[in-house]
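Read off the chains here:
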Amino acid sequence: MIITTRLPIATLFFKHWHTDDTEVGIIVAKAEFGRQDDGQFRPTGNPVPLQVEDVYEGDPATGYLLAEQDIAPGKDGTDLIIQATARSPGGHPATDWPVSVTIPDRVSYGFRVRGPSEWKPGLTGWKLTPPEKVTEVPLHYGLAYGGAAPGPDNDTPEIYEFNPAGIGFSNDAKRARKEPFAAPQIGEMAEFMAADVRAEMTVHGFGPIAKAWLPRRSNAGTFDEEWQQIRHPRMPHDYSLRFWNSARDELQITPHLSGNEVISLQGVHHDPAPMAVKLPGAGLTCIASGQAEADIEMVLDTVTVDIRSSDPAAHKLLLVWRGLIRDTARFENAEITSRRIR
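Each value, and the rule that gives it
Residues numbered from 1 in each chain as written. Predicted model: local features only at pLDDT ≥ 70, side-chain atom pairs only at ≥ 80, totals over all residues. Heavy atoms only, no water. Core = buried A, V, L, I, M, F, W, Y, C linked by side-chain atoms within 4.5 Å. Buried < 20%, exposed > 50% of the residue type's maximum accessible area, 1.4 Å probe, protein only. Helix = DSSP H or I, 4+ residues; strand = E, 2+ residues; numbered from the N terminus. Contact = heavy atoms within 4.5 Å. Pairing = 2+ DSSP bridges. Salt bridge = Lys/Arg side-chain N within 4 Å of Asp/Glu carboxyl O. Phe/Tyr/Trp six-rings, centres within 6.5 Å; stacked < 30°, edge-to-face > 60°. Lys NZ or Arg CZ within 6 Å of the ring centre and 35° of its normal.

Draft legend 1. Representation of the nonpolar core. Within the largest apolar cluster, 76 residues are counted, with the highest numbers of intra-cluster contacts made by Leu80, Val101, Leu139, Phe206 and Leu265. Take this core: its biggest share by element is five residues, from strand β24 (residues 293-306). Setting aside anything within four residues of it in sequence, one finds leucine 139 in contact with Ala84, Thr85, Ala86, Val99, Phe111, Val113, Ile186, Phe206 and Val268.

Given below as structure tokens:
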């Protein structure tokens with residue numbers, strides 16, 4: 001199928017097995033918006049390329065996911081991905097402060113960030129040192145709870161599968177070494193206050209979850225010998241479309257966002273007031289033609305908010321819309337146009 005558009009967007013068409021075992025066509029479109037002087041986000045005019053592969057910080061086996069590929073057959077809800085740095089209120093050095101994101105009636109999620117601290121062994125057991133005072137904490141899973149610890153044979157490491165890239169995870173073998181190790185800088189205040197070196201902590205963050213991490217990979221289904229012999233190349237019977245959602249559960253928004261929603265972020269700039277990010281009031285429509293003609297619904301299923309810079313003029317939004325076409329043989333062309341969201 002040939003995709004055409006006059007908009008400054010990147011597009012892609014491909015075929016994939018759907019959840020009902022039928023082969024369907026998938027149309028993907030991606031656009032970039034920049035923050036203007038009035039605080040609103042408008043098209044930059046630069047077609048941003050589609051992400052065709054996953055990008056990691058470091059080794060994919062031990063690093064965290066920076067960017068998820070855009071090639072997916074669909075998502076049950078909108079992924080909200082936030083690329084940000086936590087910044088202390090007023091720019092004053094602090095041991096810790098809250099970070100949160102809200103969308104009225106849709107999302108309410110938050111956690112605590114803090115300065116570096118360590119687990120240290122002592123005569124009465126392991127102690128968590130007080131956090132240092134800082135003004136910034138990068139919000140990535142490398143500073144959240146997780147990581148690896150020595151295995152029973154001190155050779156094959158034990159991986160914390162909810163976040164192999166993190167810090168703070170320990171087991172008996174690691175603690176037996178009686179060596180200090182870094183504690184997470186992103187987590188829940190109650191878990192920090194409990195100061196239990198043996199207790200698992202909740203993994204928190206705003207970034208995408210890698211396909212191989214739990215709990216995401218459990219949505220892929222069972223790839224066993226029966227699947228290989230009977231189902232391949234279709235997905236397993238217990239496969240869920242949620243496998244393609246890369247955002248953490250709290251940031252998977254169902255039903256999908258449509259546009260004009262206001263995302264409120266706390267703790268990500270030195271101004272104590274929340275930062276407001278209003279999604280553009282724009283959507284996409286796809287008109288397919290050939291033996292028949294049809295309007296294809298395109299849903300906004302990925303929103304990436306990039307506010308890492310301290311300069312608001314550098315803030316960007318990456319929006320991805322996706323549409324599904326059944327009976328693709330009836331259509332030869334498709335034109336993508338914009339529509340206003342009220």
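Draft legend 2. A look at the sheet that holds strand β10 (residues 107-114). As summarised here, the arrangement of the five strands in space is β19-β10-β9-β21-β22, forming an open sheet in which the pairing is antiparallel. For this open sheet the edge positions go to β19 (186-187) and β22 (275-278), each flanked by a neighbour on one side alone. With two bridges connecting them, β10 and β19 associate as antiparallel partners. The residue bridging arginine 112 from the neighbouring strand is glycine 187, located in β19.

Draft legend 3. Fine view of the pattern of salt bridges. For the coordinates displayed, the defined rule picks out 19 salt bridges. Two residues, aspartate 20 and arginine 326, come together in a salt bridge whose shortest N-O distance is 3.1 Å. Of this pair, aspartate 20 sits in the loop between β2 (10-17) and β3 (23-35) while arginine 326 sits in the loop between β25 (316-325) and β26 (331-340), and the two are 306 residues apart along the sequence. For glutamate 32, the salt bridge goes to lysine 316, with nearest N and O atoms at 3.7 Å.

Draft legend 4. Main features of the environment of glycine 281. Position of glycine 281 relative to the elements: it lies in the loop between β22 and β23 (282-290). Along the backbone, glycine 281 and isoleucine 341 are 60 residues apart, and their C-alpha atoms lie at a distance of 4.7 Å. Excluding residues within four positions of it along the chain, glycine 281 makes contact with Asn260, Arg339, Arg340 and Ile341.

Draft legend 5. Layout of the packing of aromatic side chains. According to the stated counting rule, one finds 11 aromatic pairs in the structure shown. Where tyrosine 160 meets phenylalanine 169, the ring centres are 5.4 Å apart and the plane angle is 35 degrees; that geometry is what we call tilted. Given a relative accessible area of 6%, phenylalanine 169 falls into the buried group. Through a chain of ring-to-ring contacts, three or more aromatic side chains come together here, namely Tyr145, Tyr160, Phe162 and Phe169. Seen from the ring of phenylalanine 192, arginine 114 lies directly overhead, with NZ or CZ sitting 4.2 Å from the centre. Over the ring of phenylalanine 243 we find arginine 216; its NZ or CZ atom is 5.3 Å from the centre of that ring.

Draft legend 6. Inspection of the sheet that holds strand β11 (residues 118-122) at higher detail. Read across the sheet, three strands follow the order β12-β11-β18 without closing on themselves; strand pairing throughout is antiparallel. Single-partner strands in this sheet number two, and they are β12 (125-128) and β18 (181-182). Here two bridges tie β11 to β18, and the two strands are oriented antiparallel to one another. Bridged to tryptophan 119 within β18 is phenylalanine 181.

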